[in-house]
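The lines below spell out each chain.
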Amino acid sequence: MAGNALKRLMAEYRQLTVNPPEGIIAGPKNEDNFFEWEALITGPEGTCFEGGVFQASIHFPHDYPLNPPKMQFTCEMFHPNIYADGRVCISILHAPGDDPMGYETSAERWSPVQSVEKILLSVVSMLAEPNDESGANVDASKMWRDDRSRFEEVAQEIVRKSLGL
């Protein structure tokens, strides 16, 4: 199984290097282990995260693409859909099949037709448009809903930190 996963990851990496999505760089941390990736994601234009460069790690299971990878920001983040420890919480990264909580449809969750590029683009969309209905970070969700200007101030501070300022 790991052999198929490795072939798939190598193909996806090639695709990302030939035709990278704007504002995203991603690939294996080293050529010896294609199951551990790092990514740099630029904050989307026109959002409170604009101008930031956010580092994340992506850990692929050995049965990829049957099961989704896990993604975690390795820099400070404050966002409704990112846990305090940096783990990303979006539908596309949830295990395939029916949602035991009944919140997501199986079509919104992981399926083998997804790709690293789709995950990264989903994360960029999530940065631009948080889902405060199912907050991974309750404080960020509440602030996003109730005090947007304060949320934007916190986000701008995170942008500055991401740039080492």
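In short, a report on the structure. (Residues numbered from 1 in each chain as written. Predicted model: local features only at pLDDT ≥ 70, side-chain atom pairs only at ≥ 80, totals over all residues. Heavy atoms only, no water.)

**Describing the sheet that holds strand β4 (residues 70-73)**
Backbone-to-backbone hydrogen bonds pair the strands of a sheet. The strands run either parallel or antiparallel.
Then step 1. One open sheet holds the four strands; their spatial order is β1-β2-β3-β4, and the pairing between them is antiparallel. The open sheet has two free edges, formed respectively by β1 (24-30) and β4, since each of these has just one partner strand. Going across the sheet, the axis of each strand differs from the next one's by a mean of 25°, ignoring polarity.
Then step 2. Where strand β3 (residues 53-59) and β4 come together, four bridges link them in antiparallel fashion. Looking at β4, one finds that Ala 56 is bridged to Phe 73.
Then step 3. Those strands touched by helix α2 (residues 116-128) are β1, β2 (33-42), β3 and β4, and its axis lies near 30° from that of β2. (Pairing = 2+ DSSP bridges. Helix = DSSP H or I, 4+ residues; strand = E, 2+ residues; numbered from the N terminus. Axes fitted to C-alpha atoms, helices over the stretch in contact; angles between N-to-C directions. Contact = heavy atoms within 4.5 Å.)

**Quick word on unusual backbone geometry**
Then step 1. With an omega of 10°, the peptide bond running from Tyr 64 to Pro 65 counts as cis.
Then step 2. Mapped onto the elements, Pro 65 comes out in the loop between β3 and β4.

**Considerations on helix α3 (residues 138-146)**
Then step 1. Along α3, the residues that are buried comprise Ala 140, Ser 141, Met 143 and Trp 144. One face of α3 carries all of its buried residues, which in axial projection span an arc of 170°. In α3, the exposed positions that point more than 90 degrees away from the buried face belong to Val 138, Asp 139 and Asp 146.
Then step 2. Among the residues of α3, the N-terminal cap falls to Asn 137, whose side-chain oxygen and the backbone nitrogen of Asp 139 are separated by 3.1 Å. (Buried < 20%, exposed > 50% of the residue type's maximum accessible area, 1.4 Å probe, protein only. Arc of directions from axis to C-beta. Polar contact = N/O pair within 3.5 Å; in protein donor to acceptor, adjacent residues only side chain to side chain.)

**Re the pattern of salt bridges**
Then step 1. Following the criterion strictly, the structure yields seven salt bridges and no others.
Then step 2. The closest approach of N and O atoms between Asp 85 and Arg 87, which form a salt bridge, is 2.9 Å.
Then step 3. Taking relative accessible area as the criterion, Asp 85 reaches 40% and is therefore assigned partly exposed. (Salt bridge = Lys/Arg side-chain N within 4 Å of Asp/Glu carboxyl O.)

**Concerning the packing of aromatic side chains**
Then step 1. Under the criterion given, the structure shown has nine aromatic pairs.
Then step 2. Note on Phe 49 and Phe 54: the rings are 6.0 Å apart at their centroids and 80° apart in plane angle, and the pair reads as edge-to-face. Here the two residues Phe 49 and Phe 54 agree in accessibility, since each one is buried.
Then step 3. Ring centres of Phe 60 and Tyr 64 lie 4.9 Å apart, and the angle between their planes is 75°; on these two criteria the pair is classed as edge-to-face. (Phe/Tyr/Trp six-rings, centres within 6.5 Å; stacked < 30°, edge-to-face > 60°.)

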